[in-house]
Amino acid sequence: MSRMKWERIVSGTFFAVLLILGLTVYKDYGVSWDEGMSRTNGTWNYNYVTSGDRESFDSKSLQATQSGYYERYYGSAFDLGLVTLERVLRLTDSRSVYLMRHLATFGVFYLGTLAFYWLLRRRFGDWRLALLGAVFLVLSPRLFADAFYNPKDLPFLALVQIALASMIFFLDNMSWQRALLHGLACALCIDIRIFGLLLPVITVVLAVPRLWELHSAGQRVRANTASLGICLGAIACGTYAFWPLLWTHPVTNFLKALRALGRVPWSGTILYIGQVVPAGKLPWHYLFVWIAITTPLLYLILFAAGLIHCLFKALTHPWRWLLEDTLEVAFLVTLTAPLAAVVILHSNVYDGWRHLYFTYPPLLYFSILGVAIVTSWLSRLGKVAVPARVLAALTVVLCLLQVFWTMIRYHPLQNIYFNQLAGRNLTEIRRRFEMDYWGLSQRKALERLLAIDPSPAIRVSAPTSINAAILPPALRNRLEFTKPESATYLISFYRWHPEDYPQEDEVDSIRVDGAKICVIQRIRGK
């Protein structure tokens, strides 16, 4: 059988299984903090687009709230798309709405995984390495879970991969059609997260040396230069068209959105290495530690090998590297520039490193580069080359199976995955780092409570009631959310409370690997 047929069979099977898996498990996840606000943001934009209603954007009372002010200046392309789909499908019940949102979010992640596979296939010329990269991306527990309920960071991650694929497509042949395609992809990224501005910068950085080479060779570059201009024009027009906030006072509102990038108005506290730290005073190493403790160790080790090899090439032959390793340059900039910007600008980040999840595929690119480098080294070992490569392959397979088994055991709470660097077990880690910071385990807690207490009306106090929205109406209507002093039950997922709760009050708990993630307590005397 030819290599092409093997590629189609194996890769096609993987992506078919991934699609079936997503369609099977999307109903299992809870509702994250951001989903309610993202839906509200989409509704504001939808009302403005369809009826010209700008009240939500301009409301003085909204400007006075932290979440409202920030959300207004958040890119609305994906939020608007989901609300539009909600209206087209005429979804009225909250369960149907959130299930649709989870399925649509996964669909975008699926497309991003395909784009990542295409990029690796193009870079290495080996479908096996490309498929391994896609496997690494899917077998990343936190990323996989977020691919259903994270309406901001995961769509942006996926769209960045699609935009990078369109960039390579454009730089191959700088026609005006490809310029428009890439411009549209970049605009959509910007209209989800303002960090998308990095993409046109990368495009220009990579296009200019090529234009200079053509000019130095005596070739005409006018058409290619014009195409680059068309691309940048399409980015500007697309950004304006897909972001209704910009339709009035585009420059002013865009600058406000840009300023909001590093000044997220959230004054909460974060549990970090056992210390409760204000979100605005987290140390510079916060992101790097979180990347280190939530990425499977195999990927980190391979990443180090790939990054060292890349930096050696960049330092020894910078011009050739810039011209010949286009995608590697793009991935390196996409990985390092945002991290450097957060550290230098002291941007307010919290809840792990989800704000920079779009840097994860570039990290995995260097992991796959590390695989290629290690494989090349092992091939030079003479007589022991074959057994060495077999041993290395078995090690990779066993590590992947371990991650896969962990994802099965944690399901649907893969969002609390940590590797061995974080601690010996989840019980220890819970006292050092934030666990279920989005409160997704509350869905399982509510389901447990409804099964335990047959009362037609259950008075419960919880940090948020949003997870009730994804329950069937018959169950949801039995819950009455109220203040602790009026409630019969209290639900907590340890956010802002890493210590244990009194066991004598505990009715039930949600556990993962033996560690309590969420507890249900009956308030004494009730």
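The sections below set out a description of the structure shown in this document. None of these values were measured; they are calculated from a predicted model.

**Quick word on the overall build of the chain**
Scanning the chain for helices and strands turns up 23 helices and seven strands. Expected size for 526 residues packed as a compact globule is a radius of gyration near 24 Å; at 24 Å, the chain falls within 12% of this value. Based on the C-alpha atoms only, the size of the chain along its principal axes is roughly 85 × 65 × 45 Å. Across the 526 residues of the chain, 54% fall into the buried class. Of the contacts made within the chain by residues no fewer than 6 positions apart, 75% connect residues no fewer than 24 positions apart. Looking at the chain as shown, the accessible area adds up to about 23200 Å², and 64% of this sits on carbon and sulfur atoms. For the chain, the distance from the average site of its 51 positive side-chain charges to the average site of its 35 negative ones is 6 Å.

**A word on helix α6 (residues 77–88)**
End to end, α6 covers 16 Å across 12 residues, agreeing with the expected 16 Å (1.5 Å per residue, within 8%). Every buried residue of α6 is listed here: Ala77, Phe78, Asp79, Leu80, Leu82, Val83 and Glu86. The positive-phi residue at the C-terminal boundary of α6 is arginine 90, with phi of around 55°.

**A few points about the layout of surface pockets**
In this structure, the largest pocket occupies an estimated 960 Å³ of space. Contributing to the lining of the largest pocket are 40 residues, with Leu298, Leu302, Thr395, Val396 and Val397 lying nearest its centre. Broken down by secondary-structure element, the contributors of at least two residues to the lining of the largest pocket are α8 (127–138), α16 (297–316), α19 (360–378), α20 (385–410) and α21 (426–430). Per-element tally for the lining of the largest pocket: the top contributor is α20, with 13 residues. Within the lining of the largest pocket, the residues separate by chemical class into 26 nonpolar, eight polar and six charged.

**A short note on the nonpolar core**
Counting residues in hydrophobic clusters, the biggest one holds 157 residues, and the most contacted among them are Phe136, Phe366, Leu400, Phe418 and Leu426. With 13 residues, the top contributor of residues to this core is helix α10 (residues 153–172).

**Observations regarding empty space enclosed by the protein**
For the coordinates displayed, the defined rule picks out four cavities of 30 Å³ or more. If you add up the space inside the second largest cavity, you get close to 50 Å³. As for the second largest cavity, its lining consists of Ser140, Pro141, Arg142, Leu143, Thr294, Thr295, Trp353, Tyr357 and Tyr360. Per-class residue counts for the lining of the second largest cavity are five nonpolar, three polar and one charged.

**Considerations on the environment of valine 329**
With respect to the element layout, valine 329 can be found in helix α18 (residues 326–345). On the basis of relative accessible area, valine 329 is assigned to the buried category, the value being 5%. Non-local contacts of valine 329, meaning those with residues more than four positions away in its chain, are made with Leu206, Trp321 and Leu322.

Reading the values: the criteria
Residues numbered from 1 in each chain as written. Predicted model: local features only at pLDDT ≥ 70, side-chain atom pairs only at ≥ 80, totals over all residues. Heavy atoms only, no water. Helix = DSSP H or I, 4+ residues; strand = E, 2+ residues; numbered from the N terminus. Rg over C-alpha atoms; globule rule 2.2 N^0.38 Å. Buried < 20%, exposed > 50% of the residue type's maximum accessible area, 1.4 Å probe, protein only. Contact = heavy atoms within 4.5 Å. Areas by Shrake-Rupley, 256 points an atom, 1.4 Å probe, with all protein chains shown as cover. Lys, Arg positive; Asp, Glu negative; His and termini not counted. Charge placed at Lys NZ, Arg CZ, Asp CG, Glu CD. Expected span 1.5 Å × (residues − 1). 1 Å grid on protein atoms, 1.4 Å probe; cavity = no way out; pocket = protein on both sides within 12 Å on 5 of 7 lines; lining within 4 Å. Points joined across faces, edges and corners; volume = space filled by probe spheres on them. Nonpolar A, V, L, I, M, F, W, Y, C, P; charged D, E, K, R; others polar. Core = buried A, V, L, I, M, F, W, Y, C linked by side-chain atoms within 4.5 Å.

Any functional reading would require information that these geometric values do not contain.
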